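Residues per chain are reported as follows:
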Amino acid sequence: MPLTTAEKITLFQEKSAKIEAMGGPKMVEKQHAAGKLTARERINFLFDEGTFQEIDRFVTHHSTFFGMEKNFVPGDAVVTGYGLVDGRPVYVFAQDFTAMGGSMGEWQAEKICKVLDMAGKMGAPVVGINDSGGARIQEGMFSLSGYGKIFFRNSRYSGVVPQITAICGPTAGGAVYSPALMDFIFMVKGYGQMYITGPEVIKAATGEIISTDELGGAVTHNKISGNAHFVCDNDEDCLNKIKTLLSYLPSSNRETTPIKETSDPVDRMEEKLQSFVPDSPNRAFNMKNLIKLIVDDGEIFEVSQMYAQNMLTIFARLNGRAIGIIANQPQFMSGCLDVNASDKAARFIRFCDSFNIPIFTFVDVPGFLPGKGQEHGGIIRHGAKMLFAYSEATVPKLTIITRKAYGGSYMAMCSKDMGPDQVIAWPTAQIAVMGAEGAANIIFRKEMAAAADPDAVRQKRIDEYEELFNNPYVAASKGHVDIICEPKETRPVLIKALESLVTKEEELPWKKHSNMPL
Ligand code: HXC
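In this report, we go over the structure that sits alongside the text.

Conventions and cut-offs
Residues numbered from 1 in each chain as written. Predicted model: local features only at pLDDT ≥ 70, side-chain atom pairs only at ≥ 80, totals over all residues. Heavy atoms only, no water. Core = buried A, V, L, I, M, F, W, Y, C linked by side-chain atoms within 4.5 Å. Buried < 20%, exposed > 50% of the residue type's maximum accessible area, 1.4 Å probe, protein only. Contact = heavy atoms within 4.5 Å. Helix = DSSP H or I, 4+ residues; strand = E, 2+ residues; numbered from the N terminus. Expected span 1.5 Å × (residues − 1). Near = heavy atom within 4 Å. Polar contact = N/O pair within 3.5 Å; in protein donor to acceptor, adjacent residues only side chain to side chain. Areas by Shrake-Rupley, 256 points an atom, 1.4 Å probe, with all protein chains shown as cover. Nonpolar A, V, L, I, M, F, W, Y, C, P; charged D, E, K, R; others polar. Salt bridge = Lys/Arg side-chain N within 4 Å of Asp/Glu carboxyl O. Pairing = 2+ DSSP bridges. Axes fitted to C-alpha atoms, helices over the stretch in contact; angles between N-to-C directions. Right-handed = clockwise from strand over helix to strand, strands pointing away. Parallel < 35°, antiparallel > 145°, perpendicular 65-115°, else oblique. Left-handed = near helix turned anticlockwise from the far one by under 90°. Patch = residues over 30% accessible without salt bridge, like charges linked within 9 Å, V, L, I, M, F, W, Y side chains within 5 Å. Lys, Arg positive; Asp, Glu negative; His and termini not counted. Charge placed at Lys NZ, Arg CZ, Asp CG, Glu CD.

1. Here we look at the nonpolar core
1) Next: Membership of the largest hydrophobic core comes to 66 residues, with the highest contact counts inside it found for Val127, Phe186, Ile242, Phe315, Ile326, Met386 and Ile401.
2) Next: Setting aside its immediate chain neighbours within four residues, Ile401 contacts Val363, Tyr410, Val423, Ile424, Ala425, Trp426, Ala429 and Ile431.
3) Next: Among the nonpolar cores identified, the runner-up in size contains 30 residues, and Val277, Ile294, Leu398 and Ile495 belong to it.

2. A closer look at helix H4 (residues 106–122)
1) Next: The terminal C-alpha atoms of H4, which comprises 17 residues, lie 24 Å apart, in line with the 24 Å expected from a rise of 1.5 Å per residue.
2) Next: Within H4 the residues assigned to the buried category are Gln108, Ala109, Lys111, Ile112, Cys113, Val115, Leu116, Ala119 and Gly120.
3) Next: Where H4 ends, the next residue or the one after it, Gly123, has phi of about 75°, a positive value.

3. Description of the site of the ligand
1) Next: As a matter of local geometry, the ligand sits amid 18 residues, with Met100, Gly101, Gly133, Ala135 and Ile137 nearest to it.
2) Next: Here Gly101 contributes a backbone N or O atom positioned 3.0 Å from an oxygen atom of the ligand.
3) Next: Within the complex, 53% of the 1000 Å² of free accessible area of the ligand lies under protein.
4) Next: Listed by contribution, the elements that provide at least two residues to the shell around the ligand are helix H5 (140–156) and strand E6 (170–172).
5) Next: In terms of residue class, the shell around the ligand is made up of ten nonpolar, six polar and two charged.

4. A word on the pattern of salt bridges
1) Next: Considering all chains together, one arrives at 32 salt bridges under this definition.
2) Next: A salt bridge links Lys416 to Asp482; the nearest nitrogen and oxygen atoms lie 2.7 Å apart. One end of the pair, Lys416, is in the loop between helix H15 (407–411) and strand E15 (422–425); the other, Asp482, is in the loop between helix H19 (473–477) and strand E17 (483–484), and 66 residues separate them in sequence.
3) Next: Exposure remark for Lys416: the relative accessible area of 21% places this residue in the partly exposed category.
4) Next: Notably, a salt bridge pairs Lys460 with Glu464, separated by 3.9 Å at the nearest N-O pair. Here the residue Lys460 and the residue Glu464 both occupy positions in helix H18 (residues 454–469), the gap between them amounting to four residues, near one helical turn.
5) Next: In this structure Lys460 comes out as partly exposed when scored by relative accessible area, which is 49%.

5. Digging into the sheet that holds strand E4 (residues 126–130)
1) Next: Spatial strand order, E1-E2-E3-E4-E5-E7-E9: seven strands in an open sheet with mixed pairing. Two strands close off the open sheet at either side, each with one partner strand: strand E1 (53–55) and strand E9 (230–232). Between one strand and the next, the sheet's axes are offset by a mean angle of 20°, whatever the strand orientation.
2) Next: As defined by bridge partners, strand E5 (residues 163–167) adjoins strand E7 (residues 184–188) across four bridges and the pair is classed as parallel. Within E7, the residue paired with Ile167 across the bridge is Met187.
3) Next: Of the strands in this sheet, E1, strand E2 (78–85), strand E3 (88–95) and E4 touch helix H3 (residues 39–46), which is tilted by about 165° from E3.

6. Describing the pairing of E5
1) Next: Among the five residues that make up E5, five are buried, leaving the element largely enclosed by the rest of the structure.
2) Next: Judged from the five bridges that link them, E4 and E5 form a sheet pairing that is parallel. Bridging from a neighbouring strand, Val127 pairs with Ile164 of E5.
3) Next: With H5 bridging E4 and the parallel E5, this β-α-β connection has right-handed handedness.

7. Things to note about the packing of H3 against helix H10 (residues 235–248)
1) Next: Their axes nearest at 10 Å, the elements H3 and H10 cross at an angle of 40°. With respect to H10, the axis of H3 lies oblique. Helix-helix and strand crossings are classified by hand; for H3 and H10 the assignment is right-handed. Packed against H3, whose contacting residues are Arg42, Phe45 and Leu46, the element H10 presents Asp235, Glu236, Leu239, Asn240, Ile242 and Lys243 at the interface.
2) Next: A breakdown of the residues in the contact of H3 with H10 according to their chemical character gives four nonpolar, one polar and four charged.

8. Some remarks on a nonpolar patch on the surface
1) Next: The grouping of Phe65, Phe66, Met141, Phe142 and Leu144 at the surface amounts to a nonpolar patch, some 580 Å² of accessible area in total.
2) Next: Within the element layout of this structure, Phe142 appears in helix H5.

9. Some thoughts on unusual backbone geometry
Glycine aside, residues mostly have negative phi, and peptide bonds are mostly found in the trans state.
1) Next: A positive phi angle, close to 55°, is found at Met22, a residue other than glycine.
2) Next: You can see Met22 is positioned in the loop between helix H1 (5–20) and helix H2 (25–33).
3) Next: Among the residues examined, Met22 registers a relative accessible area of 10% and is labelled buried.
4) Next: For Ala308, which is not glycine, the phi dihedral falls at a positive 45°.
5) Next: Among the structural elements, Ala308 can be located in the loop between strand E10 (301–303) and strand E11 (311–318).

10. Comments concerning the pairing of strand E12 (residues 321–328)
1) Next: Judged by how many residues are buried, E12 sits mostly within the fold: eight of eight residues are covered.
2) Next: A loop of two residues connects E11 with E12, the two strands running antiparallel in sequence, and Asn319 in this loop sits at a positive phi of about 50°.
3) Next: Here E12 pairs with strand E13 (residues 359–365) via four bridges, running parallel. Bridge pairing in E13 places Ala327 opposite Phe362.
4) Next: Taken together, E12, helix H12 (residues 339–354) and E13 constitute a β-α-β crossover, and its handedness is right-handed.

11. Considering a negative patch on the surface
1) Next: On the surface, Glu437, Asp463, Glu466 and Glu467 cluster together into a patch of negative charge.
2) Next: Counting residues per element, the negative patch draws most heavily on H18, which supplies three residues.
3) Next: Among the structural elements, Glu437 can be located in helix H16 (residues 436–443).
4) Next: Glu437 gets classed as exposed once you look at its relative accessible area, which sits at 52%.

This is how it looks when you write it as structure tokens:
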């Protein structure tokens, strides 16, 4: 007997509800007991109320290995779809750990690939929420192939739409490479983990004993490896931070940065900046606080806060327009450039350039960090990444020299020759090959050695060098500095410069793609 219309609708409701229940009440309880939200709760938290539309709810696995045909895996352990975050479209996939440990089967991968393709075509960011035991062991190579298809799309859509990953559970083995191929990784403390080989395999292979958290927890990846960009206290904190990040980003490479109304005056003079740079060149100042005094409402959103703290990478706004800031932090390692700082900055520059986010570089850099460790660690190659990234970037670029701008490290911080649209210097700027003391010791060594009073000669030569180069005027006399302004004027000067650059167009010479040092 054919079903009536009412029966058909009831059948649909039953089937849909069964999938919506995910792995069932016991597994949901287990998920909550672990302090985690379920995939559906995470999605509801992410999107504006009532805007989420699920797709592929009825997709299921088709595996028959190891009795899998008897195994019902709702939605193939992933929830996918789209909705609005602060009124703007975003695509999502969230692995459902309550269903077979969120494991990646062939059809879970197909669902994820579909949203990646949709996000790419529609020009909207994609958020992936990871919570999974990895490749579904029963599906063998079909599961691996699924990962491959995802990696392929992550790479193809890189620079097309922002791709953001939340690590809200285990992410093991090759599964870590989809997050690694995306733009930003958020990790939740305690249960967010990423590693290629787990503690058991490591113990068997090398005898090393290490906990899962120490090996691949949120702090490890934010502070030591630099693989992750944000540490989060729990799922809610993670999703809130993702929403904040999205508020700074255009939806795709075809859009410019979003604008947020501000009541912070465009002509605000900031007296505190007048005395911000200490008299002594050897005393540090906090560049983060300096930046807060300039940008809209003192609001910043810092990327990779725990990694390479000598380099700051920050999203902020000027006159409502989102910008990316790269800055030396004199409070850590005197703001020297090293391998990790170079990597951190170069990747951020490239992200901003991909998505039309103007780049502001705040400089107080004494040099590259000297030492065998850095040289053998490839500082030549890593430092080159910054030169490359700045030279290649065609977005509006502004360089602000607050104090030291020495030698090659200044070039790596977007000196005039790396193509910034304008270089703005404070009267405290020192633009030279190196500090006066080091310079005098080298070029006047013979003279000092021969002198009756070497210290007096040294001081005289240091003073001479300082007078000549430890200021912005020599550089400005040949246009290497476009504007010298008082520190208090920086906000209005930067806003005027930014507004003058919104129509900027610059084409790179035709190429298949560049070959940046990696
Ligand atoms: C199939 C899996 C699974 C997997 C978990 N489950 N991982 N099923 N394939 N990879 C199932 C479990 O059997 C269990 O089912 C349910 O999910 C929940 O898992 P538990 O073990 O009970 O949860 P928990 O104690 O929290 O432990 C979580 C875990 C553990 C640490 C993730 O499940 C685990 O070690 N899983 C295997 C991890 C792994 O080695 N994956 C393959 C990595 S290699 P029941 O029915 O008992 O509830 C890989 C290669 C990718 O991913 C390569 C890409 C290029």
